Amino acid sequence: MQRSGGGLGASGQPWVLRRVRLTWLSFMLFFILVFFPLIAHYYLTTIDEAGGPEKRIFGPRPGGELCEAKHVQDLCRIRESVSEELLQLEAKRQELNGEITRLNLRIEACKRSIDSAKQDLLQLKNVISQTEHSYKELMAQNQPKLSLPVRLLPDKEDPGLPPPKSARSCRLRSCFDYARCPLTSGFPVYVYDTGSYTWGNYIDPLVRQAFAAAVKSNIYVTDNPNIACLYLVLVGELQESSSSAVPSPSELEKQLKALPYWRSDGHNHVLVHLTRRSMTQNFLYNVSTGRAAVAQSTFLEQQYREGFDLVVSPLVHALSEPNFLEIPPQVPVKRKYLFTFQGERVESLKSSLQEVPPQSFEEEIEGNPPADYDDRIIGTLKAVQDSHLDQVLVEFTCKNPQPSLPTEWALCGEREDRMEVLKVSTFALVISPGDGQLVASAGCGMRLFEAMEVGTIPVVLGDHSTLPYHQFIRWSEAAIIVPKPRVTELHFLLRSLSDNDMLAMRRQGRFLWETYFSTSENVLNTLLASIRTSIQVPAAAIKEEPAHEIPHKAGKLAGTDANLADNGDLDLGPVETEPPYASPRFLRNFTYTAADTYRAWNHAPGPFHLFPHTPLDPVLPSEAKFLGSGTGFRPIGGGTGGSGKEFQAALGGNVPREQFTVVMLTYEREEVLMNSLERLNGLPYLNKVVVVWNSPKPPSDDLLWPDIGLPIVVVRTEKNSLNNRFLPWDAVETEAILSIDDDAHLRHDEIMFGFRVWREARDRIVGFPGRYHAWDINHQSWLYNSNYSCELSMVLTGAAFFHKYYAYLYSYVMPQPIRDMVDEYINCEDIAMNFLVSHITRKPPIKVTSRWTFRCPGCPQALSHDDSHFHERHKCINFFVKVYGYMPLLYTQFRVDSVLFKTRLPHDKTKCFKFI
């Protein structure tokens, strides 16, 4: 036990010592680690401060001695670079602050200028408003506003005007009720149904059917008799089998008075008697028609009331259209026979030739003429035939004479046989009836219009005959009217006419026949037009083609093609910032109706009074009466064009303010179309763009149309037809039309130059690519030629200016077979327009600049690249010549260029277009 305890005590003493040693060691380590660094720091600091700045160890040293260390040098360079950049940024900041200050000053100045400009603009607006108010006051003082005339609609039983002294004294002033036909009435016409009166069932069915068809298509016919200005009653011709059914004069008068709107005296009624035969029943003779006018082909002197009744043409073609392919050409001028006549004289029961011996011409001129010159005419014509000086054909007996009136020359044979003889005749004799009391006859009318139909010049022997519509038509320009006593000089007279005179008369006769007498519609239209012109009621406006617009989305603002805008220092004129300016509407309907009757009926290219007027100015191209030629249709101001810069900045001339419309035909070439539309951006004097969408498929829904700052009207068409290019769209509100293809590539300066040239020749086609026609001697036909030439006769309408008036003529007046052929070949519409304008004006087109093509580079090939394209155009030209009867195209070596296309003159020099 003791060993164990002793052992424990002995062993615990070393453990205590070890613990004391460990504590001492820890204390020493703590002292060394804590107090020794403090003492060392204090000592070193004291020495560093006492040694001066040169002997410092730990303080900062001058001269960048610390940077001598390699690892610190990079940091130093970075610090210096940053410091330099900071200095530069500070300089820039100060500079920008100065610029901001200057801009703020400018902004303040601009604000003050804007406020001043607003004040000036407000003052200008006030001045303009006051000026407009003063202008309106002056206009009101000098041109007072007139209201429309009050329309007088009498009751059904209104007796109307007092009765005339006699039926023979009826004139428009005494027998026509003008109150029912105000100038603004529109000339409504009511046509009685032939089934509403007894003798209507006896009228020739063919005449009745043709008349009904013509009435249906006439724009003046109304179904409301209460507002009608005129009432038409078809009274003949009666069927041959119904001649015995004609009522007596007294019975016929009762039936006329029984008409619902006869109003006791028949004023404003016209009794129409149309005949298809040379022998017609004049059953209105000895019938008192009251104040009703009579329109028929046959009149006796005691029956005809000059200035009131109307001598109308026979109904040559009732329901058939004339076949242009069967009509002989107008050239050559001289045909096989100098003149022809085939007829047999119908003796009167009281023929003076059977009772009175023949007298000399001297005795006849002294006042004792016999009732007939026919014997002397026969002798003279036979003497000419026997002389063999010229080849003539005269026959005074017929194998199959047609029934005719007494003292009249009966027609020989059938119509087809007579037409074959006339086709080889230069002149055709029309001998008036021997009875001087017969002032007009259907037989003479048949001879007259058969000759005009085939281009034979009529020679009327007998100046006592009254030709149809002689008050309106100057027959001396289409026929030769010779008194019967001059029959001995007839041969000399016909031989003395030049080829140009004969061709002019032949062309005028063809125009009159086609316009006024060729179809039943034309016959009715001519009848109504003559009455409307006599009472001075303006014609109705011709219809325009409604433009059914296709909705489209406008995309981004179109840019300006640098190639198109590169005009040097040439100022093309201002781009209009005001709304589109439409051409003034036509305001001279009454003047044309009242003052220009002969000119409109005889010289017009289209029937101005037969067909309605166009809303725009339907001027007379044949007399160059287009606007801008000094006719006074437009306000004529001083030319503001001036010279140099003034000329470039304004149109000047007689129409100083004018725009044009671009009509662009396209077919499923959207990308090409968009590019072409973009090229029109910035074009001066452009009113709008009408895109004729000729495809049955609508444009793509996602197609974005360029925004050129002007309206783009996309028109939907009923069918794919090149004729749609020339439809008179109502969206076109300017006289000037620039017809352009969707792949045409023209510079703005070229377009502006063409527009200026067109304004100097408004009745002609003015364009860029020229073509010409040529005669193929080997094949005896016409050819279309597109080779480069200094002579041309056509200008392609794929890039050409023309007057909108021609769009009406092309669509509504030009013969339908021409438009049909354009649709058949999908070609030749430009040739057809050139034919039309040259036929009307007798002038060639005008080519501007030296361009021969206008296609854009890189565009898809058009129809003109097809091999059959030129063959079809050859056929078109020859067909059009057959329709017109002659070649209307005229050659020209005239071209209009501007020296500005070749020479760049200094900006301060005079710059005027020179025509070379």
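As the structure is a prediction and not an experimental result, all values here were calculated from the model.

A.B. asks: An account of the overall build of the protein is requested, with residue identities and associated values reported.
C.D. replies: If you tally the helices and strands in the protein, you get 22 helices and 28 strands. Per-residue burial for the protein yields a buried fraction of 49% across its 916 residues. Long-range contacts, defined here as pairs at least 24 residues apart, represent 78% of the contacts in the protein between residues at least 6 apart. Of the roughly 46,200 Å² of accessible surface on the protein, a fraction of 56% belongs to carbon and sulfur atoms.

A.B. asks: For the nonpolar core, give the residues involved together with the corresponding values.
C.D. replies: Counting residues in each nonpolar core, the largest one holds 127 residues, and the members touching the most others are Phe 187, Leu 232 and Phe 880. With sequence-adjacent residues up to four places away left out, Leu 232 is seen in contact with Val 189, Tyr 190, Val 191, Tyr 192, Phe 211, Val 270, Val 272, Leu 524 and Leu 528.

A.B. asks: Summarise the packing of aromatic side chains; cite the residues concerned and give the values.
C.D. replies: Following the criterion strictly, the structure yields 33 aromatic pairs and no others. Plain terms: the ring middles of Phe 341 and Trp 409 are 5.5 Å apart, the flat faces sit at 85° to each other, and that makes the pair edge-to-face. Highlighted residues: Phe 341 in strand β7 (residues 337–342) and Trp 409 in strand β10 (residues 409–410), separated in sequence by 68 residues. What makes Phe 341 buried here is its relative accessible area of 2%. Residue class for Trp 409 comes out buried when judged on its relative accessible area of 2%. When the centroid spacing of 5.7 Å and the interplanar angle of 70° are considered together, the rings of Phe 726 and Phe 802 count as edge-to-face. Of the two residues, Phe 726 is situated in the loop between β20 (712–716) and β21 (736–741) and Phe 802 in strand β26 (residues 799–803); the sequence distance between them amounts to 76 residues.

A.B. asks: Quick one: what's the story with helix α9 (residues 442–453), residue by residue and with numbers?
C.D. replies: For α9, spanning 12 residues, the distance from its first C-alpha to its last is 16 Å, which sits close to the expected 16 Å at 1.5 Å a residue. Burial runs high along α9: 12 of the 12 residues are buried. Of the residues making up α9, those classed as buried are Ala 442, Gly 443, Cys 444, Gly 445, Met 446, Arg 447, Leu 448, Phe 449, Glu 450, Ala 451, Met 452 and Glu 453. Looking at the packing, one finds that the buried side of α9 touches β7, β10, α8 (415–422), β11 (425–431), β13 (457–461) and α11 (499–517).

A.B. asks: A description of the state of the cysteines should follow, citing residues and the corresponding values.
C.D. replies: By the definition in use, this model includes four disulfides. The side chain of Cys 828 participates in a disulfide bridge whose partner is Cys 876; the two sulfur atoms lie 2.0 Å from each other. One quick way to see it: the torsion about the S-S bond of Cys 828 and Cys 876 is about 80°, and its sign makes the bridge right-handed. Within this pair, whereas Cys 828 is found in the loop between α20 (816–825) and α21 (829–841), its partner Cys 876 is found in helix α22 (residues 868–884), the two being separated by 48 residues in sequence.

A.B. asks: Please give an account of the pattern of salt bridges that cites residues and values.
C.D. replies: For the structure on display, the rule yields 31 salt bridges. Two residues, Glu 237 and Arg 277, come together in a salt bridge whose shortest N-O distance is 3.4 Å. With Glu 237 in the loop between β2 (230–236) and α5 (249–257) and Arg 277 in the loop between β3 (269–273) and β4 (293–296), the pair connects residues that are 40 residues apart, well separated along the chain. Side by side, Glu 237 and Arg 277 carry an identical accessibility label, which is buried. Across the salt bridge formed by Arg 873 and Asp 830, the nearest N and O atoms sit 2.8 Å from each other. Of this pair, Arg 873 sits in helix α22 while Asp 830 is found in helix α21, placing the two residues 43 residues apart along the sequence. A relative accessible area of 8% places Asp 830 in the buried class.

A.B. asks: Explain the sheet that holds strand β14 (residues 480–482) to me, using residue names and the numbers behind them.
C.D. replies: In spatial order, the strands read β9-β7-β11-β13-β14; together these five strands make up an open sheet with parallel pairing. The open sheet has two free edges, formed respectively by β9 (393–395) and β14, since each of these has just one partner strand. On average, each strand axis in the sheet is tilted by 20° relative to the strand beside it, whichever way the strands run. The pairing of β7 with β9 spans three bridges and is classified as parallel. Bridge pairing in β9 links Phe 341 to Val 394.

A.B. asks: Please provide a residue-by-residue account of the sheet that holds β21, values included.
C.D. replies: Strand order in the open sheet made by the nine strands is β15-β20-β18-β17-β21-β26-β22-β27-β28, with mixed pairing throughout. The open sheet has two edge strands, β15 (548–549) and β28 (895–896), and neither has a second partner. Sheet topology places strand β22 (residues 766–767) next to β26; two bridges connect them, and they run antiparallel. Paired with Gly 767 across the bridge in β26 is Ala 800. Seen against the sheet, helix α18 (residues 748–760) touches β17 (660–666), β21, β22, β26, β27 (846–848) and β28 and runs at an angle of roughly 30° to β26.

A.B. asks: I'd like a rundown of the pairing of strand β18 (residues 686–693), residues and numbers included.
C.D. replies: In regular strands, side chains alternate between the two faces of the sheet. By the criterion of burial, β18 is predominantly enclosed, with eight of the eight residues buried. Summarising the sheet, β17 and β18 pair through seven bridges and their orientation is parallel. The partner of Val 663 across the bridge, within β18, is Val 690. Of the crossover connections in this fold, the one passing from β17 over helix α17 (residues 670–679) to the parallel β18 is right-handed. Relative to β20, β18 runs parallel, the two sharing five bridges. From the neighbouring strand, Val 689 faces β20, where its bridge partner is Ile 712.

A.B. asks: If you had to explain the pairing of β21 to someone new, which residues and values would you point to?
C.D. replies: With six of six residues buried, β21 is to be regarded as a mostly interior element. The two faces of β21 match: Ala 736, Leu 738 and Ile 740 on one face and Ile 737, Ser 739 and Asp 741 on the other face are all buried. Strand direction decides the pairing type here: β17 and β21, joined by six bridges, are parallel. Bridge pairing in β21 links Leu 665 to Asp 741. In this sheet, β26 lies alongside β21 in antiparallel orientation, the contact comprising five bridges. What sits directly across from Leu 738, in β26, is Phe 801.

A.B. asks: Report on α8, specifying residues and quantitative values.
C.D. replies: Since there are 3.6 residues in each turn of an α-helix, residues three or four apart along the chain are aligned in direction. Listed in full, the buried residues belonging to α8 are Arg 418, Met 419, Val 421 and Leu 422. When α8 is viewed along its axis, its buried side chains cluster within an angular range of 160° and face the same direction. Here the buried face of α8 lies against β7, β9, β11 and α9.

A.B. asks: Describe the side chain of Thr 289, and please don't skip the residues or the numbers.
C.D. replies: Mapped onto the fold, Thr 289 is located in the loop between β3 and β4. Setting aside chain neighbours within four positions, we find Thr 289 in contact with Trp 262, Asp 265, Leu 271, Val 294 and Arg 305.

A.B. asks: Provide a residue-level description of the packing of α11 against helix α12 (residues 520–534), including the pertinent values.
C.D. replies: It is the contact of α11 with α12, at a shortest axis distance of 6 Å, that shows an interaxial angle of 85°. In terms of orientation, α11 lies roughly perpendicular with respect to α12. Where α11 abuts α12, its residues Glu 514, Thr 515, Tyr 516 and Phe 517 lie against Asn 522, Val 523 and Thr 526.

A.B. asks: Talk me through the confidence of the model for the protein; I want residue IDs and the actual numbers.
C.D. replies: The share of residues in the protein with pLDDT of 70 or more is 76%, and the mean pLDDT across the chain is 81. In this model, residues 1–11 is a region of pLDDT below 50 whose contacts with residues beyond four sequence positions or in other chains number one contact. Taken as a whole, residues 604–638 scores under 50 in pLDDT and shows 126 contacts with residues more than four places along the chain or in a different chain.

A.B. asks: Outline the packing of α20 against α22, listing residues and values.
C.D. replies: Across the interface, α20 lies against α22 with an axial gap of 10 Å and an inter-helix angle of 170°. The angle between α20 and α22 falls in the class roughly antiparallel. Of the residues in α22, those in contact with Pro 817, Ile 818, Met 821, Val 822 and Tyr 825 of α20 are Glu 872, Lys 875, Cys 876, Phe 879, Phe 880, Val 883 and Tyr 884.

A.B. asks: Please provide a residue-by-residue account of unusual backbone geometry, values included.
C.D. replies: Omega for the bond connecting Gly 236 with Glu 237 falls within 30 degrees of zero, at 20°, which places this linkage in the cis form. With an omega of 0°, the peptide bond between Val 331 and Pro 332 qualifies as cis. Its identity as a non-glycine residue notwithstanding, Gln 780 has a phi of 55°, on the positive side. Considering the arrangement of structural elements, one finds Gln 780 in the loop between β23 (770–776) and β24 (781–785). The exposed category is assigned to Gln 780, whose relative accessible area is 52%. Its identity as a non-glycine residue notwithstanding, Ile 826 has a phi of 50°, on the positive side. Relative to the assigned elements, Ile 826 resides in the loop between α20 and α21. Assessed through its relative accessible area of 43%, Ile 826 is described here as partly exposed.

Rules used in this analysis
Residues numbered from 1 in each chain as written. Predicted model: local features only at pLDDT ≥ 70, side-chain atom pairs only at ≥ 80, totals over all residues. Heavy atoms only, no water. Helix = DSSP H or I, 4+ residues; strand = E, 2+ residues; numbered from the N terminus. Buried < 20%, exposed > 50% of the residue type's maximum accessible area, 1.4 Å probe, protein only. Contact = heavy atoms within 4.5 Å. Areas by Shrake-Rupley, 256 points an atom, 1.4 Å probe, with all protein chains shown as cover. Core = buried A, V, L, I, M, F, W, Y, C linked by side-chain atoms within 4.5 Å. Phe/Tyr/Trp six-rings, centres within 6.5 Å; stacked < 30°, edge-to-face > 60°. Expected span 1.5 Å × (residues − 1). Disulfide = S-S within 2.5 Å. Salt bridge = Lys/Arg side-chain N within 4 Å of Asp/Glu carboxyl O. Pairing = 2+ DSSP bridges. Axes fitted to C-alpha atoms, helices over the stretch in contact; angles between N-to-C directions. Right-handed = clockwise from strand over helix to strand, strands pointing away. Arc of directions from axis to C-beta. Parallel < 35°, antiparallel > 145°, perpendicular 65-115°, else oblique. pLDDT = per-residue confidence, 0-100.

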